[in-house]
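Analysis of the macromolecular model
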Amino acid sequence: MDELALLGDADQRAHRYLATVAQRRVFPDAGALAGLAAFDEPLPDEGAAPSDTLRLLDEAGSPATAVSNGPNYYGFVIGAALPAAAAAERLMLAWDQCASTFDNSPAAATIERIAGRWVVEALDLPRESAVGFGTSATACTLVAIAAARRALLARKGWDFDSDGLTGAPEVKVVISELAHITVKKALRVLGFGLKRLIVAPVDSCGRIDLARLPALDDMTILCVQAGEVNTGEFDPFAALIPRAKAAGAWVHVDGAFGLWARASAKSALTDGVEQADSWTADAHKWLNTPYDGAMTICRDAAALAAAMNADAVYSMASLDAQKNLNLEFSRRPRGLPVWAALRSLGRTGVAAMVERHCALAARIGEGLREAGYEVLNRVVLNQVLVRAQSDAQTVAIREAAQASGEVWFGATLWQGRPAFRISVSSWRTQETHVERLIALLAALRERHSG
Ligand SMILES: *Cc1c(COP(=O)(O)O)cnc(C)c1O
């Protein structure tokens, strides 16, 4: 089979997969999981036919996927892939660009520059901000915090690039009690030390409690969040950020999914967030681009470009070259699917998707309450946090829902007790799917009561 026939075969298999995402089990059954044993081959001495490799991938791999690219998946705020973004990604693979600089790929550099401008406009953040398109909110938070620390040290006359951290003035970090684990990971990897992080207590909704905000100064990085991962709540930016800025602190916002609320009628939830210094947002969650894609947005464009600079004698580039805004030097143009998503949705399309998901989440909250569940959050966004009568019942119902193959959502702990968390973030999820979810959970509650 020649290259084009092989790619045609891949397209057909992808077509068959996508045509059935609404009917597939959302999580594979035991048979499909056992089928994964087919991959357990010795590293071959002689190469196999490419078509046979593709066949194995599809026959054993496709049935063992979690169908997060379908309408019945409610786990982890995982979005599906929008057609325009997935199609753009497909063409991008044919181009196979190393999107480091304009010289590496004029097309990629141009499109990512526009994508960055559009992201900042869609999220209504300071227009002078630099946008680095990275792999994940985790990586982009790491990048933002690295830039923040370097900038705070520079203000004290410390040359971080030359002298590193030994003997440097201490940079403190204040994080929400409910900061996402990946923010803690980024801080840990950067050497801040988990025990040294200063925790800002939260109120009963999960927002940083202003009355108990730890002291901030001009050597502090304050990490706040737009969209807490269980409740979807937002820290009180409008009161919090001016206080932090008055103290001279750097404010970083983890907006992995929640920042997209700002592009919708829900934007009041984010009021004041534009006053921060840096922001992280995912594209692969609520913007529904394929994995992996996220962005670091930094008000001080030069600070980000200096922290991430990777100019070499053989590769000098402008400050807005993506290799100077990211960890990666060789990279795919991750801004390209973002561009395609924004171009195909437009402002109104992004707003409509976010608003629809929020309305569906509200409907789930209402339906589950009627079915006798306890809804633990205010459902301000697309997250519904749920508990049944007892902890054992909560766990049993969640496990039964997962085993049904009809839907999938994950477990969490809320205030120390088991709960489950339903996220609505797939463009494919419609009212009919949500009604089926409510009916399924109502039936499971009946079955597991008493
Ligand atoms: C998912 C998530 C992250 C991490 O994002 P990745 O893209 O998976 O690295 C960070 N913060 C919040 C609030 C999230 O929901």
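Below, the structure is looked at part by part. (Residues numbered from 1 in each chain as written. Predicted model: local features only at pLDDT ≥ 70, side-chain atom pairs only at ≥ 80, totals over all residues. Heavy atoms only, no water.)

**So, the environment of L125**
Put simply, the rule reads: Numbering of helices and strands starts at the N terminus; helices are DSSP runs of H or I of at least 4 residues and strands are runs of E of at least 2. In this scheme, a residue with accessible area under 20% of its type's maximum is buried, one over 50% is exposed, and one in between is partly exposed, where area comes from a 1.4 Å probe on protein chains only. Every residue pair with non-hydrogen atoms within 4.5 Å of one another is taken to be in contact.
With respect to the element layout, L125 can be found in the loop between α5 (106–122) and β1 (130–134). The class of L125 is buried, set by a relative accessible area of 1%. Counting along the chain gives 153 residues from L125 to S278, while the straight-line C-alpha distance between them is 9.7 Å. L125 has contacts with V120, L259, R262, V273, E274, W279 and I297, leaving out every residue within four places of it along the chain.

**Examining the site of the ligand**
Note the following rule: Here a residue is considered near a molecule or strand provided that any single heavy atom belonging to it is located within 4 Å of it. Whenever two N or O atoms come within 3.5 Å, that pair is a polar contact, provided that in protein one can donate a hydrogen and the other can accept it, and provided that, for residues adjacent in sequence, both atoms are side-chain atoms. All accessibility values rest on the Shrake-Rupley procedure with a 1.4 Å probe; residue burial counts only the protein chains present in the view. Ten residues, namely Ala, Val, Leu, Ile, Met, Phe, Trp, Tyr, Cys and Pro, are considered nonpolar, four, namely Asp, Glu, Lys and Arg, are considered charged, and the remaining ones, Gly among them, are considered polar.
Taken together, 13 residues are adjacent to the ligand, and T138, D254, D282, H284 and K285 come closest. Separating an oxygen atom of the ligand from a side-chain N or O atom of H284 is a distance of 2.8 Å. Computed on the free molecule, the ligand has an accessible area of 380 Å², of which 88% lies beneath the protein chains in the complex. The residue makeup of the shell around the ligand, split by class, is four nonpolar, six polar and three charged.

**A short note on the nonpolar core**
This is how it is decided: Buried residues of nine kinds, namely Ala, Val, Leu, Ile, Met, Phe, Trp, Tyr and Cys, make up a nonpolar core once their side-chain atoms join them within 4.5 Å.
The biggest cluster of nonpolar side chains holds 52 residues, and the ones touching the most others in it are W260, L287, M295 and I297. By residue number, the principal contributor to this core is helix α11 (residues 335–370), which donates eight residues. Residue contacts for L287: discarding those within four places in its chain leaves L82, W260, V338, A341, L342, L345, V350 and M353. Listed in part, the 30 residues of the second largest apolar core include I175, V183, M219 and L325.

**Details of the layout of surface pockets**
We apply this condition: Whether a set of points on the 1 Å grid over the protein atoms alone is a cavity depends on a 1.4 Å probe fitting there but being unable to get out, while an open set qualifies as a pocket with protein on both sides within 12 Å along at least five of seven lines; lining residues are those with an atom within 4 Å of a point. Grid points are joined across faces, edges and corners, and a volume is the space filled by probe spheres set on the points.
Estimates place the volume of the largest pocket at around 1,200 Å³. Lining the largest pocket are 37 residues, and of these A14, Y17, L18, N69 and R90 sit closest to its centre. Elements represented by at least two residues in the lining of the largest pocket include exactly α1 (3–19), α3 (50–61) and α4 (83–95). Of the residues forming the lining of the largest pocket, the biggest block, eight residues, is contributed by α4. Class assignment of the residues belonging to the lining of the largest pocket gives a composition of 22 nonpolar, eight polar and seven charged. If you add up the space inside the second largest pocket, you get close to 400 Å³. Lining of the second largest pocket is provided by 25 residues; of these, E112, R113, D320, Q322 and L325 occupy positions nearest its centre. Sorting the residues of the lining of the second largest pocket by element identifies α5 and β1 as the ones contributing at least two each. By residue number, the principal contributor to the lining of the second largest pocket is α5, which donates nine residues. Among the residues making up the lining of the second largest pocket, the classes are represented as 11 nonpolar, seven polar and seven charged.

**Description of α5**
Just so we agree on the cut-off: To estimate how far a helix should extend, the number of its residues minus one is multiplied by 1.5 Å.
Taking 1.5 Å per residue, 17 residues should reach 24 Å; α5 reaches 24 Å between its end C-alpha atoms and fits that length. Among all positions in α5, only A108, I111, E112, I114, A115, G116, V119, V120 and A122 are buried. In the core, the buried residues of α5 are packed alongside α4, β1, β7 (294–298) and α11. Two residues or fewer after α5 comes D124, characterised by a positive phi angle close to 50 degrees.

**Focus on the sheet that holds strand β11 (residues 417–423)**
Which entries qualify depends on this criterion: Note on pairing: two strands pair once DSSP finds at least 2 bridges between them. An axis is simply a line fitted to the C-alpha atoms; with a helix, the fit covers only the stretch in contact. Between two such axes, the angle follows the N-to-C directions and lies from 0 to 180 degrees.
The sheet built from four strands is open, its strands ordered β8-β9-β11-β10 with antiparallel pairing. This sheet does not close on itself; its edge strands, each paired only once, are β8 (374–375) and β10 (410–414). Here β8 pairs with strand β9 (residues 383–387) via two bridges, running antiparallel. Across the sheet, V375 pairs through a bridge with V386, a residue of β9. Sheet strands in contact with α11 are β8, β9 and β11, and its direction is about 15 degrees off that of β9.

**Examining the packing of aromatic side chains**
Rule in force here: Working definition: a ring pair exists when centres of Phe, Tyr or Trp rings (six-membered ring for Trp) sit within 6.5 Å. Plane angles under 30 degrees give stacked, over 60 give edge-to-face, the rest tilted.
Evaluation of the coordinates by the stated rule reveals five aromatic pairs. On the numbers, 6.3 Å between centres and 25 degrees between planes, the contact of F27 with W408 is stacked. Pair noted here: F27 is in the loop between α1 and α2 (30–35) and W408 is in the loop between α12 (391–404) and β10, with a separation of 381 residues, a long-range link. Taken together, a centroid distance of 5.6 Å and an interplanar angle of 25 degrees make the contact between F76 and W408 stacked. With a gap of 332 residues between them, F76 in the loop between α3 and α4 and W408 in the loop between α12 and β10 connect regions that are remote in the sequence.

**Points about the state of the cysteines**
For clarity, the cut-off: Sulfur atoms of two cysteines make up a disulfide when they are within 2.5 Å.
Counting across every chain of the model gives zero disulfides. Here C205 is not cross-linked by a disulfide; its sulfur's nearest cysteine counterpart is in C358, at 16 Å. Given the relative accessible area of 16%, C205 is considered buried. Cysteine C298 shares no disulfide, and the gap to the nearest cysteine sulfur, in C140, comes to 12 Å. According to the relative accessible area criterion, C298 is buried, its value standing at 2%.

**Thoughts on a nonpolar patch on the surface**
This is how it is decided: Within this analysis, patches are made of residues with over 30% relative accessible area and no salt bridge. Like charges are joined at 9 Å or less; nonpolar side chains (Val, Leu, Ile, Met, Phe, Trp, Tyr) at 5 Å or less. Each salt bridge in this description consists of a side-chain nitrogen of Lys or Arg and a carboxyl oxygen of Asp or Glu lying within 4 Å of one another.
There is a patch of nonpolar side chains on the surface, built from F27, L33, L36, F39 and L57 and spanning about 410 Å² of accessible area. Along the chain, L33 falls in helix α2.

**Considering the sheet that holds β1**
Sheets are built from strands that pair by backbone hydrogen bonding, the pairs being arranged parallel or antiparallel. A sheet is described by the order of its strands in space; here seven strands give the open sequence β1-β7-β6-β5-β4-β2-β3, paired in mixed fashion. Each having just a single partner strand, β1 and β3 (198–200) make up the two edges of the open sheet. Neighbour to neighbour, the strand axes of the sheet diverge by 20 degrees on average, direction disregarded. The sheet contact formed by strand β2 (residues 172–176) and β3 spans three bridges and is parallel. Bridge assignment links S176 to a residue of β3, and that residue is A200. Along the sheet face, α5 touches β1 and β7 and points at about 110 degrees away from the line of β1.

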